[in-house]
Amino acid sequence: MALKPNSADGRTRSWVQIFIVFGLCCFFYILGAWQRSGFGKGDSIALEITKHGADCNIIPSLNFETHHAGEVGNVGESEKIKSFQPCPPRYVDYTPCQDQKRAMTFPRDNMIYRERHCPREEEKLHCLVPAPKGYVTPFPWPKSRDYVPYANAPYKALTVEKAIQNWIQYEGNVFRFPGGGTQFPQGADKYIDQLAAVIPITNGTVRTALDTGCGVASWGAYLWSRNVLTMSFAPRDSHEAQVQFALERGVPAVIGVLGTIKMPYPSRAFDMAHCSRCLIPWGANDGMYLKEVDRVLRPGGYWVLSGPPINWRNNFKAWQRPKEELEEEQQKIEDVAKLLCWEKKHEKGEIAIWQKRVNDESCRGREDDSQAKFCKAEEANDVWYKKMDVCVTPYPDVSSSSEVAGGELKPFPERLFAVPPRIASGSVPGVSVETYEGDNNIWKKHVNAYKKINRLIDSGRYRNILDMNAGLGGFAAALSSPKLWVMNVMPTIAEKDTLGVIYERGLIGIYHDWCEAFSTYPRTYDLIHAHGLFSLYKDKCNLEDILLEMDRILRPEGAVIFRDEVDVLIKVKKITAGMRWDTKMVDHEDGPLVPEKVLVAVKQYWTVGGNTTSAQ
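Model, not experiment: these values are computed from the prediction. (Residues numbered from 1 in each chain as written. Predicted model: local features only at pLDDT ≥ 70, side-chain atom pairs only at ≥ 80, totals over all residues. Heavy atoms only, no water.)

Draft legend 1. The overall build of the protein, seen in detail. From N to C terminus, the protein includes 18 helices and 17 strands. Counting every position in the protein, which comprises 616 residues, the buried fraction comes to 55%. Accessible area of the protein: about 27300 Å², with a carbon and sulfur share of 53%. (Helix = DSSP H or I, 4+ residues; strand = E, 2+ residues; numbered from the N terminus. Buried < 20%, exposed > 50% of the residue type's maximum accessible area, 1.4 Å probe, protein only. Areas by Shrake-Rupley, 256 points an atom, 1.4 Å probe, with all protein chains shown as cover.)

Here you go:
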């Protein structure tokens, strides 16, 4: 008679077997992960550059595994990976919506030809914009403020044209930026000291600034050390490569012009606006450009104008212009400033400073002024391809003469996580104080996860960062560091317009439609973040076009972080397989059951006429 097995012994053996199988699975998973880790395809280039003494950082492989890597490979014969070829060398600095050849077909009146004019669908390039031969990783900040590798922007015209004005000097294999400018020959620092005697630049009251006609953006570059974040813009090549130089230096800048279209910024965005001999006719067109500055200037903000026609009585001989012409020009500016109810705080030498009133209570008289045509309040942020008007943007209502219209802002850095006035007042539908605070906590968690995936994020390797779908600015706020800045983009098709909130936090950003090219040069961003962007645009335009634009503006060996639904990321991963990008997908930090995933990519290093190098 067979013995009846002991049930307790059987259960023990079953648990031991399960434990052994689980342990073996973990061992082989870790072994496979270790074997598959290593340097990305661009790293042999970075290592070689480092060996030969170039002052740049190395991009290591993004050392992580994926739960979905195999899904892209399971495509039928009809869905083969499309390989994108390099564009011809002449496109090395191609800016699709500010193309010089196309620009010259538009009228020159009011700078129309220098505004955005994007290619038609059949004119779009479907190739990869190459880097110039010899391209190297830019110097880390703060060295990049003063030095740019010549190979990255090999244009010497400014070194000749602006030689006596101390803008830029060519020294061997680098450009040096001494910090000078047309209006500050003694350097940007001393010029800013003059402004700081009138404007509270150092105490966090002034955090966001706008520099119109920025040149190589030395004003913004030197304001950085005073914790002021400056959005600089200038036209494409009115001086060769000026915006390109600004971005190579690590200074926020875009290609732009005050022409006939509203600036792509929200109302009440900037604490200070600036023009240093920027050649903008401020008194022309019934003061249209000053009224546009007034729209984006927050109540209590400052406007600085240096150069002609300021203090024309003492300067007309040096400027070699008729006194009568200069007098008329300044008078027009004074008249528009009075209409806008700006208070003149300072005029000395060639510098004048006005301050915008904190509310409309002290400007009631202008309602009876026949020239004071008021804009519709609801159109203050409706700016994308909208024509500038000669109307005055009204202040938000206040309950007392001392109240700051739109709400008073905290000094920076307290401003970064304080509840923005637009949220506190309920003016952003669907966004409460609790929603805002919850969003901040979520992005702190996301960014901590990103730093575990890519240890270079907070190392200084990434200076220029682009958030393509910025929301409330939580990503940029969680990343905030003296080593980097983030361009927060508010897609024009986003459900909620929160760009004004982003500015109230002391961050900067811009409106943009990603069905079109961005207003920047190639290779101007070190790290790009795209949260939910491809879900947002999947029925709006070709995802391939957006990815090719990302490739254009991303530096060689730069990184991209996509956060989206897994089915969307699989489509993205398939396209990038033909773009010379190395990609890996990882789970959401809350685990593999969350449908949102993270896809991280590194753009390989390759240049004009060169082949991609692979790790051996």
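Anyway, onward from the coordinates.
Draft legend 2. Seen up close, the packing of helix H10 (residues 312–319) against helix H11 (residues 323–339). Relative orientation of the contacting elements H10 and H11 amounts to 130°, with a least axis distance of 10 Å. Between H10 and H11, the angle falls in the class oblique. The two elements H10 and H11 cross, and the hand of that crossing is right-handed. For the pair H10 and H11, the contacting residues are Trp-312, Phe-316 and Trp-319 in the first and Lys-323, Leu-326, Glu-327 and Gln-330 in the second. By residue class, the composition of the contact of H10 with H11 is four nonpolar, one polar and two charged. (Axes fitted to C-alpha atoms, helices over the stretch in contact; angles between N-to-C directions. Parallel < 35°, antiparallel > 145°, perpendicular 65-115°, else oblique. Left-handed = near helix turned anticlockwise from the far one by under 90°. Contact = heavy atoms within 4.5 Å. Nonpolar A, V, L, I, M, F, W, Y, C, P; charged D, E, K, R; others polar.)

Draft legend 3. Seen up close, the environment of Asn-464. Checked against the element boundaries, Asn-464 lands in strand E11 (residues 464–467). Along the chain, Asn-464 and Leu-527 lie 63 residues apart, while their C-alpha atoms are 6.8 Å from each other. Not counting the four nearest positions on each side in its chain, Asn-464 is found in contact with Leu-247, Gly-250, Trp-485, Thr-524, Tyr-525, Asp-526, Leu-527 and Arg-555. At 3.0 Å, the side chain of Asn-464 and the side chain of Trp-485 are in polar contact. (Polar contact = N/O pair within 3.5 Å; in protein donor to acceptor, adjacent residues only side chain to side chain.)

Draft legend 4. Region of interest: the state of the cysteines. Under the counting rule described, the total for this entry stands at six disulfides. Between the sulfur of Cys-87 and that of Cys-127 lies a disulfide, 2.1 Å long from S to S. Handedness of the Cys-87-Cys-127 disulfide follows from its S-S torsion of about 100°: it is right-handed. Placement of the pair is Cys-87 in the loop between helix H2 (43–51) and helix H3 (100–103) and Cys-127 in the loop between H3 and helix H4 (143–146), with a sequence separation of 40 residues. Across this residue pair, the class does not change: Cys-87 and Cys-127 are buried. Bridging Cys-341 to Cys-363, the disulfide has an S-S length of 2.0 Å. Of note, the bridge from Cys-341 to Cys-363 carries an S-S torsion of about -105° and is left-handed in sense. (Disulfide = S-S within 2.5 Å.)

Draft legend 5. Layout of the pattern of salt bridges. According to the stated counting rule, one finds 34 salt bridges in the structure shown. Residue Arg-116 is joined to Glu-516 by a salt bridge in which the shortest nitrogen-to-oxygen separation is 2.8 Å. Remark: Glu-516 occurs in the loop between strand E13 (508–512) and strand E14 (525–531) and Arg-116 occurs in the loop between H3 and H4; sequence separation between them is 400 residues. Residues Asp-545 and Lys-124 are paired through a salt bridge, measuring 3.6 Å at the closest nitrogen-oxygen approach. (Salt bridge = Lys/Arg side-chain N within 4 Å of Asp/Glu carboxyl O.)

Draft legend 6. Molecular detail of empty space enclosed by the protein. Tallying each qualifying case throughout the model produces three cavities of 30 Å³ or more. Per element, the largest residue contribution to the lining of the largest cavity is three residues, and it comes from helix H8 (residues 242–249). Of the residues contributing to the lining of the largest cavity, the split by class is four nonpolar, six polar and six charged. Reported here for the second largest cavity is a volume of approximately 60 Å³. What lines the second largest cavity is simply Cys-97, Gln-98, Asp-99, Gln-100, Arg-102, Ala-103, Tyr-113, Arg-114, Glu-115, His-117 and Arg-236. Along the lines of polarity and charge, the residues of the lining of the second largest cavity split into three nonpolar, three polar and five charged. (1 Å grid on protein atoms, 1.4 Å probe; cavity = no way out; pocket = protein on both sides within 12 Å on 5 of 7 lines; lining within 4 Å. Points joined across faces, edges and corners; volume = space filled by probe spheres on them.)

Draft legend 7. Structural context of the packing of aromatic side chains. Applying the stated criterion across every chain yields a total of 21 aromatic pairs. With 6.1 Å between their ring centres and 70° between their planes, Trp-141 and Trp-224 make a pair best called edge-to-face. Linking Trp-141 in the loop between H3 and H4 with Trp-224 in the loop between helix H7 (218–223) and strand E5 (229–234), this pair joins segments that are 83 residues apart in sequence. The class of Trp-141 is buried, set by a relative accessible area of 18%. Centre to centre, the rings of Phe-177 and Phe-245 are 5.6 Å apart; their planes meet at 65°, and the pair counts as edge-to-face. Note that Phe-177 is positioned in the loop between strand E3 (174–176) and helix H6 (188–196) and Phe-245 in helix H8, a separation of 68 residues in sequence. As far as burial versus exposure is concerned, Phe-177 and Phe-245 are alike and both buried. One aromatic cluster is present, built from ring pairs that chain together Tyr-150, Tyr-170, Phe-175, Phe-177 and Phe-245. The cationic tip of Arg-108 hangs over the ring face of Tyr-113; the distance from NZ or CZ to the ring centre is 4.8 Å. (Phe/Tyr/Trp six-rings, centres within 6.5 Å; stacked < 30°, edge-to-face > 60°. Lys NZ or Arg CZ within 6 Å of the ring centre and 35° of its normal.)

Draft legend 8. Representation of the sheet that holds E3 in the model. Taken in spatial order, the three strands make up an open sheet running E1-E3-E2, and their pairing is antiparallel. Each edge of the open sheet carries a strand with a single partner, namely strand E1 (147–149) and strand E2 (169–171). Taken pair by pair, the neighbouring strands of this sheet meet at an average axis angle of 30°, ignoring direction. Examined bridge by bridge, E1 and E3 share three bridges and lie antiparallel to one another. Each residue of the ladder has a partner; that of Val-148, found in E3, is Phe-175. (Pairing = 2+ DSSP bridges.)

Draft legend 9. Main features of unusual backbone geometry. Pro-142 follows Trp-141 through a cis peptide bond whose omega is 10°. Residue placement: Pro-142 occurs in the loop between H3 and H4. Positive phi is not limited to glycine here, since Met-111 has a value of about 60°. Phi at Tyr-385 is positive, roughly 60°, even though this residue is not glycine. For Tyr-385, the location among the structural elements is in the loop between strand E10 (351–356) and helix H12 (421–424). By relative accessible area, Tyr-385 is classed as partly exposed at 35%.

Draft legend 10. Here's a closer look at the nonpolar core. The biggest cluster of nonpolar side chains holds 134 residues, and the ones touching the most others in it are Tyr-265, Trp-282, Phe-534 and Phe-562. Sequence-distant contacts of Trp-282, defined by excluding residues within four places in its chain, comprise Thr-212, Leu-258, Cys-275, Gly-287, Tyr-289, Leu-290, Val-293, Trp-303, Leu-305 and Ile-333. By size, the runner-up hydrophobic cluster in this structure holds ten residues, among which are Val-148, Ala-153, Trp-167 and Phe-245. (Core = buried A, V, L, I, M, F, W, Y, C linked by side-chain atoms within 4.5 Å.)

Draft legend 11. Representation of the side chain of Glu-504 within the structure. You can see Glu-504 is positioned in helix H15 (residues 499–504). We classify Glu-504 as buried; its relative accessible area is 4%. Within polar-contact distance, the side chain of Glu-504 engages the side chain of Arg-422 at 2.9 Å. If we skip the residues at most four places from it in the chain, Glu-504 touches Arg-268, Gly-406, Leu-409, Arg-415, Pro-420, Pro-421 and Arg-422.

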